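What follows is the residue order along each chain.
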Amino acid sequence: SYLENISSGYFSINSKLDDVTDLRAGLRGELSYINGELLTTQESHSSLYFDLFPNIHFSFKLPKKHNVNLSYRSRISRPRFQNLNPFVDVSEQLLVMKGNPLLKPEYSHNFSLGYSWNYAVFLSVGYYYTINEYDYTRVVDPNTGITTRFPQNMGKSLGLNGNISIYLPLRKWWTMNAYLYSSYGKSVFDYQNKVQSTIVYYTGLYFSQNFSFLKNYSAEISGYYNLPSKTEWGTSKGSLSLNAGLKAKFFNKKLTASLSVNNILNNGKYTWNYVYPDGSTYEGLSIWNTTSVSLRLSYSFGKQFETKKKMKNGDMENGNGGGN
């Protein structure tokens, strides 16, 4: 039986400091009450905490469509229900999993410097610092050989991250989108009463190519590639996925037919090899063969209206500070 009640309030301010500089800032307060009871044992746990999450964002409009922005924001990431539930799940003969009702939320601080040109090229570099990080720890019983896995607040992490986003109209009929993201940092954590420190990193690429032809027809090829990564425990191999689609419009663009194929290579795979500080290992391979073909037909009745909405990143009312 689980109850999560979060009450919050915020205030924000937007100001044009001069012809070049815009300021957006805000402060959000959250009061969190968590209560859970394992009915089979009447084990009950509750927590009550209050947090403040400030954020501030400066943007600078420069000549020739150049823009620079500088920002800071703080966030919270609360443990999910599955991580808190102390129910014991005997998944395998020698593997037991359970949640940890004493788990605390993670708190992160993020600083970023961004640049954009002509709403087509976006660059961003940042620094992050997170405390109360939680991950699954393992305890192996030497007598039975049974491994128990449960989440635990283990330490902190810090490092650098960045991303590059490009939107290029190469031709009138051909546009390209690419998004590259990467992170490199250090994780310091306490594992079985020993302080450990390790380097962590990951890099990924998403891309799409869009083609339009014969006025009412368009096609797209998209996919992603995750490079080999490293966590606190070990390494994971890279993965690649490709998708394709075709769209056609008829009857004065009222009827739209779309055909798409996902995971064309049928090679969904995730492989990991973890080595824990106590010498135990955890290796695995997850495979999903899910190539799928879908056909969608839609018809628009009556008049069509176009609406344009200007979005602002970091608005407090959009939950900048809340998490999960």
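See above for the structure.
What counts and what doesn't
Residues numbered from 1 in each chain as written. Predicted model: local features only at pLDDT ≥ 70, side-chain atom pairs only at ≥ 80, totals over all residues. Heavy atoms only, no water. Helix = DSSP H or I, 4+ residues; strand = E, 2+ residues; numbered from the N terminus. Buried < 20%, exposed > 50% of the residue type's maximum accessible area, 1.4 Å probe, protein only. Core = buried A, V, L, I, M, F, W, Y, C linked by side-chain atoms within 4.5 Å. Contact = heavy atoms within 4.5 Å. Pairing = 2+ DSSP bridges. Salt bridge = Lys/Arg side-chain N within 4 Å of Asp/Glu carboxyl O.

**Focus on the environment of Lys-194**
Step number 1: Here Lys-194 is to be found in strand 11 (residues 194-213).
Step number 2: For Lys-194, a relative accessible area of 55% puts it in the exposed group.
Step number 3: As for Lys-194 and Phe-60, which are separated by 134 residues in sequence, their C-alpha atoms are 46 Å apart.

**Some remarks on the nonpolar core**
Step number 1: Within the largest apolar cluster, eight residues are counted, these being Ile-34, Tyr-49, Phe-53, Ile-76, Leu-84, Leu-103, Tyr-107 and Tyr-134.
Step number 2: Setting aside anything within four residues of it in sequence, one finds Ile-34 in contact with Tyr-2, Leu-3, Glu-4, His-45, Ser-46, Ser-47, Tyr-49 and Leu-84.
Step number 3: Membership of the second largest hydrophobic core comes to seven residues, among which are Met-154, Trp-233, Trp-272 and Tyr-274.

**A word on the pairing of strand 11**
Step number 1: Across 18 bridges, strand 10 (residues 174-191) lies against strand 11 in antiparallel orientation. For Ala-178, the partnering residue across the bridge sits in strand 11 and is Phe-207.
Step number 2: Hairpin connection from strand 10 to strand 11: two residues lie between these consecutive antiparallel strands, with Gln-192 at a positive phi of about 50°.
Step number 3: The pairing of strand 11 with strand 12 (residues 217-226) spans ten bridges and is antiparallel. By the bridge assignment for strand 12, Phe-213 is matched with Tyr-217.
Step number 4: Turn length for the strand 11-strand 12 hairpin, with the two strands adjacent in sequence and antiparallel, is three residues, and the turn residue Leu-214 shows positive phi of about 50°.

**Here's the deal with the pattern of salt bridges**
Step number 1: All chains considered together, the criterion is met by three salt bridges.
Step number 2: For Asp-22, the salt bridge goes to Lys-16, with nearest N and O atoms at 3.6 Å.
Step number 3: For Arg-78, the salt bridge is made with Glu-30, and the minimal N-O distance between the two is 2.3 Å. With Arg-78 in the loop between strand 4 (66-77) and helix 1 (81-84) and Glu-30 in strand 2 (residues 21-38), this pair connects stretches of sequence that are 48 residues apart. The two residues Arg-78 and Glu-30 agree in class, both being buried.
Step number 4: One connected set of salt bridges, linked through shared partners, spans Arg-28, Glu-30 and Arg-78.

**Regarding the pairing of strand 5 (residues 89-92)**
Step number 1: As defined by bridge partners, strand 5 adjoins strand 6 (residues 95-97) across three bridges and the pair is classed as antiparallel. Note on strand 6: the bridge partner recorded for Glu-92 is Leu-95.
Step number 2: From the end of strand 5 to the start of strand 6, which pair antiparallel, there are two residues.

**Description of unusual backbone geometry**
Step number 1: Unusually for a residue other than glycine, Phe-251 sits at a positive phi of about 50°.
Step number 2: Tracing the backbone shows Phe-251 in the loop between strand 15 (239-250) and strand 16 (255-262).
Step number 3: Here Phe-251 falls in the exposed class, since its relative accessible area comes to 63%.
Step number 4: Here Asn-266, not a glycine, exhibits a phi torsion of approximately 50°, which is positive.
Step number 5: You can see Asn-266 is positioned in the loop between strand 16 and strand 17 (268-275).
Step number 6: The partly exposed category is assigned to Asn-266, whose relative accessible area is 33%.

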